[in-house]
Structure formats: structure tokens, C-alpha cells
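Residue-level listing of the chains:
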Amino acid sequence: MNAPMSDGSEDHGPPGRVRGRDQDRQWLLGLLMLGLGALPEAVFLGGLLAVCLLWGSSWSALGPLAVTVVWTATAVAGRGPLPGRAVRPQEEPELAALVRDVADRLDFREQLLVRVVPDVDASLCRVRVSGVRTHVLLLGLPLLRALTEAQLASVIAHELAHRRHVADRRLNLLIGARGRLGDRLDSRFRPLAPVAGPLLRASQAVLWHTETAADADAARIAGTEATAGALRRTALVHAVFEGLGEAWPAALAVEDAYPVDLYDALDAALADPHVTARAARAAAEEDLLDPYARADHPPVALRVAALPRHTGAPYGRTPLTLRTGPDVERWCVRETVHLDEVDGGGEPTPVRLLDMTPDRLRELGGDTGPLRLRLATGLDSPAAMTAAALDTVADGSWPRLARRLEPSLRWAPAAARGPAARQVFTTAVGRTLVQALRSDGWTPASRWIDTALTAPDDGRVVDVHRMVGQALDDGDPAPLRALTATAGQKENAV
């Protein structure tokens, strides 16, 4: 697809265009982070060179150079082919027309390719195709299925607007250096953290500014309502995809099977209010797990609040239907479960999630929380395990129980330890309490998740996961103890 290029007659003042001290400060931050991110390799190569010079032959000093060449060649070779599946205008004229219309409204006239990827992604990258610099717009199939045409137009506008707001070398350096340095903080051993943290925090505001500027352009093109809806819906789809869309294939892979209707099942799960409520909480919790300010995007609530008011173009209020939808879906499923990487012996068995019983579906989305709680407490019955866990909520010692449930919490950054411990405790205790309540006649209220239950007496619906989190926030386990009282009585009677 070709799209128009701006003639430069209109300038909305991209946030990257700063002068004087701010510009110098951003260059300095980028260079400092780039150097700090490369420090481990530099120390390794320096040590290797010293060893070669002191104890090796004169030719052995070429060892560090050879290692550097191998690292560089590996990085270049690792780039691989373009991600995703190509979208050709003749195959998808409606999507092509939408992208072209948004690009025209943004005065974007550079070469542009569109490709569909299997996960929840929307991004713009620049590559060289047949020796020509080309922009590639990646759109995730879950978003194409879940967003209305207006919301999709907003997402496309946001990504294309980045071409204006992140167009200079200074911001590209800053983004690349932040990503490289952030990757250094993933391991348990983080010697760079005392310096990396302040640098990442100092540079985060610049990246957040570029995001809100792109959001403003998206609102101008597609309207404020559509842009706000796209931001919220994308966060929701991402959380559901991470919570269920990744768990289903992983669980079935153990059984040498794969979900052929993965995306249909995701659409059905997104229509369940219990699933979306759980996903909304997961998305909010994710924003708290950023102790080093690595996030390049502000929280959704901040982005929505910063949107300017615009009516936007009259795009459609229903999702676009891909003409090659079945082929694209099959390709995305194969990519998601890595069918093309299967060794000899035949492909896994295709199964349909929508044909499974609700109990089977909830089993696929389960985890080992109850087992870990049993090992941590030394108790056997779900009611007894839950009671012991609630005692720790009452006396404030629940973080210690969370560390017994998940020992790796001891090595988490201090700022993230609390939110991460809350997630571990809430998941393990919530699923254990579900087992106790199910034995007392409570029934699942959702086909997809097991922590939403319907009471046997009055038919009220209780979100156990939410209640456990609320108990931690309030320091009051009384509402949960009221739920467990009858379950414990029934177990004792048995």
C-alpha cells in the first residue's frame, strides 16, 4: 500500500522536537543508557583480552575480536524474515481502504506494508525490502476481530502518527537504549539496577509524551470516543489473551493437541462479563509491576484522561470482516502453537475448545495454586488451607506465606515485591477457596474461569478472586470467612 507523504506545510509540534537543554539531556540519557546496557559485554571482552595478553600468545588477542564478530553476526542473523502474514489490497480491499484513508488524513505517503500477526499487537517498524526502506504496520488478529472499524482506525492512526513523533535519531536512540537496558533487569542478578533505575525513570516521561501525542492524533482522526474505546478494549483483549489464549495451547500441548478454534473461543470468552472483569483487574495490576519505570506506555486511565475532544471521521461501529479470515486464522493458529516447528512423528491432534465441557475448559485454565498452598501450610482440606491463609491476612503475615508459595519473590525488586506477592496469594487462595465452596454446592457462574461462583441458597454470584484481593487491601478476612463457614461445616460432617 502506498500512502501520501506530508509536504511539511503543517506542523503539530511533535514532542520529540525540543531544543537546548532538553535536547542535550535526552541525548545524554540515551548515550548513558546505551553504554550502561553494553557494560556487561564490555567487561567480559576486557577481561578476555587481559587474559589473552597476559597468558596467551600474541595471536590469542584476536579472541575478543572473534567473539565480537560472532555476537554481531548472531544479532544480524536473528532478525529473520518479516513477522506476520502479508495483507494484500486485492485480498482485503476493505482493510486496505481503511489503512489508506487513515494514512491520507495523517499525510503519510511513504511505502507501507500491512501484515497480520497472531498475538495482540499493533506496531509500526521500518525495514528494508528488496533494498528499499519500507514501513511495516503489524496488526494482531485478536484486535482485528475485537475492535470496531472506528476503533481499528484509531489504532492505525496511533501507530502511523509515531512516524512523526519518533522520527529523529535522538528519540530512536532513547527508545533502543531503554529497551536494551531494561532487558538487563530481567534476571535475578541485577548489578546495574541502582544506576539503571534512575536513568529509566528520568527518560520515561519523554516516551510517555510521544504516546499521548500519538493518541491525540488518533482522536483527531477517529474521534475521542473511538480512541478511548480502542485503548480500553486493547488492554482488555491483551489481558484475556495472556490469561486464557496462552494457557489453552500450553495445556493442550502436554496432551499432544492444539486448539483449532483458538480465536473463536477467545471471542466467546470476551463476551463473558466475569472474564472481562478479571481481565480488567489483571491489566490494572500489571501497571503496578514496573519498579524500574520500563513501561514506554502510560496506564490506560491516564491516556484516556489526556485525550482531546474530537468527533473524528464517520467510521463504522462494527468490526471489519476479513475476506481471507479463515485462512488468516488457520495461519495464526499454526504460528501460535508452532506447528511448523514440529519434528517428525506427525502433527498434534486438532481439538475444538467450544466443543469441550465447561469443567474441561476451566481445567485448561487452571494452575497449581492449591497444590502449592497445601505444601506451604501442611494441611489437606481446602477449607482448612483457606482458613490458615485467612489467618495470615488477619495478622498481616500473608507476604511470608506468599513467599513460601512462590520462593522467587525473594529476589523480585523491592518495589514490585508487594504487588507480585498479592498476585500469588490471591490466585492460590482464590482457587483453593473455590474447591471448598464447590464441595458445598456452589456452582460456576462462568464457562471460562472457575473463580466466579453462584451460591446454592440465594443464587447470588460471588467473584472469589476479587474478594481475596479486597481482603488483602482491607486487611479484613471476615467476608471470606463467612463464605468458608458452611464449606468447613460440610467437610467436618463428611
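Residues numbered from 1 in each chain as written. Predicted model: local features only at pLDDT ≥ 70, side-chain atom pairs only at ≥ 80, totals over all residues. Heavy atoms only, no water.

Scanning the chain for helices and strands turns up 21 helices and nine strands. The buried share among the 494 residues of the chain stands at 44%. Restricting the contact set of the chain to residue pairs at least 6 apart, pairs at least 24 apart contribute 75%. On the chain, roughly 24500 Å² of surface is accessible, and the fraction owed to carbon and sulfur atoms is 55%. (Helix = DSSP H or I, 4+ residues; strand = E, 2+ residues; numbered from the N terminus. Buried < 20%, exposed > 50% of the residue type's maximum accessible area, 1.4 Å probe, protein only. Contact = heavy atoms within 4.5 Å. Areas by Shrake-Rupley, 256 points an atom, 1.4 Å probe, with all protein chains shown as cover.)

This paragraph deals with the packing of helix α17 (residues 382-395) against helix α19 (residues 414-439). Interaxial distance between α17 and α19 falls to 8 Å at its minimum, and their mutual angle equals 140 degrees. Of the two possible hands of crossing, α17 and α19 adopt the one that is left-handed. Between α17 and α19, the residues in contact are P382, A383, M385, T386, A389, T392 and V393 and F425, V429, T432, L433, Q435 and A436, respectively. (Axes fitted to C-alpha atoms, helices over the stretch in contact; angles between N-to-C directions. Left-handed = near helix turned anticlockwise from the far one by under 90°.)

For the coordinates displayed, the defined rule picks out 28 salt bridges. The partner of D183 in a salt bridge is R294, with the nearest N and O atoms 4.0 Å apart. Pair noted here: D183 is in helix α7 (residues 169-183) and R294 is in the loop between α12 (273-288) and α13 (300-305), with a separation of 111 residues, a long-range link. Given the relative accessible area of 51%, D183 is considered exposed. Among the charged side chains, a network of salt bridges with common partners joins R145, D264, D267 and E329. (Salt bridge = Lys/Arg side-chain N within 4 Å of Asp/Glu carboxyl O.)

For T386, the location among the structural elements is in helix α17. In contact with T386, not counting residues within four places along its chain, are V429, T432, L433 and T484.

Spatially, β7-β8-β9 is the arrangement adopted by the three strands of the open sheet, whose pairing is antiparallel. Each edge of the open sheet is held by one strand with a lone partner, namely β7 (443-444) and β9 (461-463). Across three bridges, strand β8 (residues 452-454) lies against β9 in antiparallel orientation. The partner of L453 across the bridge, within β9, is V462. Sheet contacts for helix α20 (residues 464-474): β8 and β9; angle to β9, the most-contacted strand, approximately 55 degrees. (Pairing = 2+ DSSP bridges.)

Turning our attention to the environment of P456. Residue position: P456 is located in the loop between β8 and β9. In this structure, the C-alpha to C-alpha distance between P456 and D440, residues 16 residues apart in sequence, is 8.3 Å. Setting aside anything within four residues of it in sequence, one finds P456 in contact with D440, G441 and W442.

Attention now moves to the sheet that holds strand β4 (residues 132-140). In spatial order, the strands read β1-β2-β4-β3; together these four strands make up an open sheet with mixed pairing. In this open sheet, the two strands that pair with only one neighbour each are β1 (85-86) and β3 (122-129). In the sheet, β1 pairs with strand β2 (residues 112-117) via two bridges, with the strands oriented antiparallel. Paired with A86 across the two strands is R115, which belongs to β2. Where helix α6 (residues 149-165) meets the sheet, it contacts β2, β3 and β4, and its direction lies at approximately 50 degrees from that of β3.

Turning to the packing of aromatic side chains, a few remarks are in order. With the rule as written, the count across this model stands at two aromatic pairs. Judged by centre distance (5.7 Å) and plane angle (50 degrees), the rings of W248 and W448 are tilted. With W248 in helix α10 (residues 247-254) and W448 in the loop between β7 and β8, this residue pair connects regions lying 200 residues apart in the sequence. Taking the relative accessible area as the measure of exposure, W248 reaches 0% and is therefore buried. A relative accessible area of 6% means that W448 is categorised as buried. (Phe/Tyr/Trp six-rings, centres within 6.5 Å; stacked < 30°, edge-to-face > 60°.)

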